[in-house]
Structures are given as C-alpha cells and as structure tokens.
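Each chain is listed here by its residues.
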Amino acid sequence: MNSRPQVSSRGASAPFIAMEVMREAAMLSMQGGAHGKRIIQLAVGQPSTGAPRLVREAAARALEKSRLGYTDSLGILKLRERIAKHYDEHYGQSVSPDRIIVTSGSSGGFVLAFLACFEAGARVAIAEPCYPAYRNILKSLGLEVVGIPVGPETRWNLTPDLIADAERKHGRIAGVLVASPGNPTGTMLDATHLAALTASCEAEGRWFISDEIYHRISYGMAEATALASSPDAIVINSFSKYYSMTGWRLGWLIAPQRMMVPLDRLAQNLFISPAALSQEAAIAAFDASEELDANVAVYAANRELLLAELPKAGFDTFAPADGAFYLYADISRFLRADGNADSTEFCKRMLREIGVALTPGYDFDTERGRQTVRFSFSGATADMAEAAERIKSWLG
Ligand SMILES: Cc1ncc(COP(=O)(O)O)c(C=O)c1O
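Residues numbered from 1 in each chain as written. Predicted model: local features only at pLDDT ≥ 70, side-chain atom pairs only at ≥ 80, totals over all residues. Heavy atoms only, no water.

1. A closer look at the site of the ligand
Looking at the ligand, there are 14 residues lining it, with Ser107, Asp211, Ser238, Ser240 and Lys241 nearest. One of the backbone N or O atoms of Ser106 is found 2.7 Å from an oxygen atom in the ligand. Within the side chain of Ser240, one N or O atom sits 2.6 Å away from an oxygen atom of the ligand. Coverage of the ligand by the protein chains reaches 93% of its 390 Å² of free accessible surface. If you tally residues by element for the shell around the ligand, the top one is helix H4 (residues 105–117), at 4 residues. Here the residues of the shell around the ligand sort into 5 nonpolar, 6 polar and 3 charged. (Near = heavy atom within 4 Å. Polar contact = N/O pair within 3.5 Å; in protein donor to acceptor, adjacent residues only side chain to side chain. Areas by Shrake-Rupley, 256 points an atom, 1.4 Å probe, with all protein chains shown as cover. Helix = DSSP H or I, 4+ residues; strand = E, 2+ residues; numbered from the N terminus. Nonpolar A, V, L, I, M, F, W, Y, C, P; charged D, E, K, R; others polar.)

Structure follows, in structure tokens:
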C-alpha cells in the first residue's frame with residue numbers, strides 16, 4: 001500500500017471569516033495600517049476590555065494559594081453554586097448546582113450538548129443568519145444542519161411554524177438551537193415567544209438548546225431564560241461576553257438531571273476539566289456588576305452613535321439590535337458588478353482602503369450574506385466615531 005492517509009472531511013468545515021478578517025487586520029496593523037491609517041477593529045465579537053478587577057485579583061490569589069490541578073470534570077462546586085445563586089438573583093429561577101456543568105467556553109458546551117443530545121446523523125435546526133460555529137460544529141460532529149432562513153417578518157427569530165415547515169421539507173428535526181440576543185442580528189426573543197418555542201419543542205419531543213451568551217447585554221428589552229419556560233431546555237452560557245473574559249475560556253451549561261451523567265462522562269473523556277485558574281477567578285465575576293454594567297453603558301453609547309451616523313453613509317436597513325454588540329446591515333445598494341461584487345469584496349476593500357474591519361455576511365448566512373455585513377461595536381466610542389467618519393467619506 002503506498003496511498004497516503006487522507007484528511008477527514010470532518011475538518012473541512014467552512015472558515016470562520018471573522019477570525020480571518022481579524023488575522024488580516026492584525027497583519028495590516030503590524031505593517032503600519034491601511035494607507036497610514038490605524039486599523040479600527042469592528043469585525044471581532046469580543047469586549048475590548050479585560051476581565052473585571054475582582055476577577056483579576058481572585059486569579060492572583062489563586063495563583064499564589066492553589067495547586068491548580070485538574071478539577072472535578074463538572075467544574076468546582078463553589079463556582080457551580082455561585083452560578084446557581086446567579087439564576088436565583090438575576091432571573092428568580094431556582095436551579096440546583098447538580099444541573100450545572102462548567103465548560104471550556106460556551107464552545108465546549110456546544111460540543112458536549114450536541115454529543116449528549118443527538119445520535120449521529122440527526123437533524124438540528126438553526127436560524128440563518130446565525131453564529132457560524134453552530135453550523136460548523138454540528139457538521140463536524142456528523143449532524144445534519146437544517147438552516148431556516150429568517151428575516152424582518154419574524155424579527156429574525158425562529159417560530160414554531162417555521163420549524164414545523166422545515167420538518168415537513170427535510171424530515172424529522174431532533175433539536176433546535178436558538179440564541180437570544182442573537183449574533184449577528186442582536187435580536188431578542190421575549191418571554192412569550194421563547195415559551196412558545198420551548199412548548200412546541202416539548203410537544204414534539206425535540207431538544208431545545210438556548211444559547212444565552214449575550215444575556216445582560218441588552219438595550220431596554222427584558223431578557224428571558226429558557227429555564228423559566230422549560231425544565232427540559234439545555235441552557236448554554238459563557239463568561240466571554242458580559243463578563244468580558246473571552247480568553248479565560250470558561251462557560252457553563254444547565255441541563256435536565258437525566259443528562260448530567262452522560263454530560264459528565266463526555267466531559268471527563270473529552271476535556272478532563274475546564275481550566276482551574278479561570279474557574280477560581282470566575283467566582284468573583286458575579287460580584288463585578290458595577291464594572292461590567294459600565295462596559296454595557298459604553299456599548300449602548302456606541303450603538304446609538306452608529307445608528308445615528310451610519311444612515312448618513314447610506315446604510316438604511318439594520319436588524320433590530322435589541323442586545324449583544326452587533327449591527328447587521330444590508331449593503332445591497334453598495335454592490336456593483338465592477339467592484340464590491342459581494343460582502344467579502346466590500347469588506348476587503350474597506351479594510352485595505354480606509355482601515356476599518358467589518359465581517360462579511362457570508363459568515364452568518366451562506367446565501368443571503370452576499371449583501372450583508374456585521375459591525376461589532378464592542379470597542380471604544382472614539383473608535384466608533386472615527387470609523388463612522390471614515391466610512392461616510394469613503395462611501396460618500
Ligand atoms: C452566539 C455565540 N455563541 C457562542 C460563542 C462562543 O463563545 P465562547 O466559546 O467564547 O463562550 C460566540 C462567540 O462569539 C457567539 O457569538
């Protein structure tokens with residue numbers, strides 16, 4: 001036999017374009033910017049702030065005092081208890097720490113949830129546009145993705161009818177994955193709408209997986225957790241966004257009791273445990289609301305600024321942006337056959353010519369993303385103002 005071993009098709013997932021834009025923006029920055037202009041990063045979805053002070057202090061203490069070995073694969077009990085207390089304080093929901101597993105970011109939570117909930121080949125429905133890794137993780141685990149196009153008619157949300165239609169078209173749907181606030185749209189589901197979705201999933205014996213990673217970043221609309229409407233919902237959350245701890249790689253998952261043994265076994269074998277230092281430090285994150293709410297106030301100001309300035313550059317249609325730190329904008333009017341043929345070209349030119357990095361819509365919607373871009377407004381307000389000025393004169 002002289003044939004070479006083949007690379008598995010599981011690794012052939014689509015690139016995460018936002019990460020590739022981030023790489024190109026970093027390269028341009030190292031080369032001195034775009035035509036001498038400093039690069040302004042509006043492509044990547046992460047807070048520009050570090051972890052809150054209380055978390056950094058707790059981490060310093062843990063470095064001194066703890067051995068920081070492997071932890072329980074479900075996560076350290078003190079952190080699971082603190083997460084349970086947060087559900088009581090913030091949502092008025094009583095959750096036993098026994099139903100909480102600490103994960104390596106919500107990304108680790110998705111892998112555990114998908115493996116524990118679905119047989120290989122099962123169909124899982126997601127809204128399109130959506131966070132691109134949903135599609136790519138599901139596919140790499142051998143699951144079939146049913147992308148359901150959503151738009152302004154349903155405020156960019158899934159509905160029980162849309163899921164039922166998709167099932168008629170594609171066959172049995174074993175689970176539904178929803179994010180509120182969503183990425184890239186920022187759109188939120190109110191409690192009634194969320195309860196309608198969880199009830200329809202319960203009635204059909206489908207898993208309902210609720211990505212609540214952008215909770216606590218919202219601009220007036222009340223947030224609802226799927227835990228309040230369904231004891232069977234799988235809730236996934238993270239320390240990355242509101243808690244401003246992306247690089248600490250820590251999140252959590254809440255599941256019905258009967259899932260805990262399978263989740264624990266998968267976690268033991270796949271990850272052993274989440275990072276001990278991050279866990280020790282994250283306990284303090286729930287006491288850092290003053291500092292973290294101040295970050296959200298900056299996002300709110302950035303959102304106002306962009307919503308006032310971008311229409312002056314010709315951007316006329318945005319998804320509602322109820323929460324998270326994104327604006328999902330239509331760019332059809334800027335597309336031409338002789339340049340800016342699609343969102344990728346539009347974003348590449350914008351980055352190279354005026355040094356502003358956005359994410360092309362293809363990341364979130366493989367079809368209609370041709371004519372959309374995502375602005376991430378998690379940076380400094382001065383950067384938003386500068387980016388808006390550059391874009392206005394570029395498009396003007
Ligand atoms: C909707 C959504 N879910 C999950 C994630 C993954 O976050 P992490 O693994 O850092 O918790 C992201 C990251 O951007 C996201 O936007």
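Still to come is the rest of the account.
2. What about a nonpolar patch on the surface?
A contiguous nonpolar patch, built from Leu115, Leu270 and Phe271 and spanning about 230 Å² of accessible area, is present on the exposed surface. Relative to the assigned elements, Leu115 resides in helix H4. Look at Leu115 and you get partly exposed, because its relative accessible area is 34%. (Patch = residues over 30% accessible without salt bridge, like charges linked within 9 Å, V, L, I, M, F, W, Y side chains within 5 Å. Salt bridge = Lys/Arg side-chain N within 4 Å of Asp/Glu carboxyl O. Buried < 20%, exposed > 50% of the residue type's maximum accessible area, 1.4 Å probe, protein only.)

3. Focus: empty space enclosed by the protein
Tallying each qualifying case throughout the model produces 3 cavities of 30 Å³ or more. Reported here for the largest cavity is a volume of approximately 180 Å³. Top element by residues in the lining of the largest cavity is strand E5 (residues 175–179). It accounts for 3 residues. When grouped by side-chain class, the residues that make up the lining of the largest cavity number 14 nonpolar, 5 polar and no charged. (1 Å grid on protein atoms, 1.4 Å probe; cavity = no way out; pocket = protein on both sides within 12 Å on 5 of 7 lines; lining within 4 Å. Points joined across faces, edges and corners; volume = space filled by probe spheres on them.)

4. As for the packing of aromatic side chains
The final tally for this structure, using the stated rule, is 24 aromatic pairs. Judged by centre distance (5.1 Å) and plane angle (20°), the ring pair of Tyr87 and Tyr91 falls under stacked. Separated by 4 residues within a single helix, Tyr87 and Tyr91 lie in helix H3 (residues 77–91), roughly one turn from each other. For Tyr87, a relative accessible area of 0% corresponds to the buried category. (Phe/Tyr/Trp six-rings, centres within 6.5 Å; stacked < 30°, edge-to-face > 60°.)

5. Details of the sheet that holds strand E11 (residues 359–360)
Strand order in the open sheet made by the 3 strands is E9-E12-E11, with antiparallel pairing throughout. Here the strands that pair on one side only, and so sit at the sheet edges, are strand E9 (326–330) and E11. Note: E11 against strand E12 (residues 372–376), 2 bridges, orientation antiparallel. When the sheet's bridge partners are listed, Pro360 is paired in E12 with Val373. (Pairing = 2+ DSSP bridges.)

6. A few points about the layout of surface pockets
The space that makes up the largest pocket amounts to roughly 440 Å³. In terms of lining, the largest pocket is formed by 25 residues, of which the most central are Phe16, Gly45, Tyr131, Lys241 and Thr246. Elements that contribute at least two residues to the lining of the largest pocket include exactly helix H1 (17–30) and H4. The dominant element in the lining of the largest pocket, judged by the number of residues it contributes, is H4, at 4 residues. Looking at the lining of the largest pocket residue by residue, the class counts come to 11 nonpolar, 10 polar and 4 charged. Mapping the lining of the largest pocket onto the domain boundaries places at least three of its residues in each of domain 1 (9–50 + 290–395) and domain 2 (63–288). The computed volume of the second largest pocket comes to approximately 170 Å³. Looking at the second largest pocket, it is lined by 14 residues, and the ones nearest its centre are Trp156, Tyr328, Asp330, Gln371 and Thr372. The residue inventory of the lining of the second largest pocket, partitioned by class, reads 6 nonpolar, 5 polar and 3 charged. When residues of the lining of the second largest pocket are assigned to domains, at least three fall in each of domain 1 (9–50 + 290–395) and domain 2 (63–288). (Domains from an automatic or database assignment.)

Nothing here speaks to function; it is geometry throughout.
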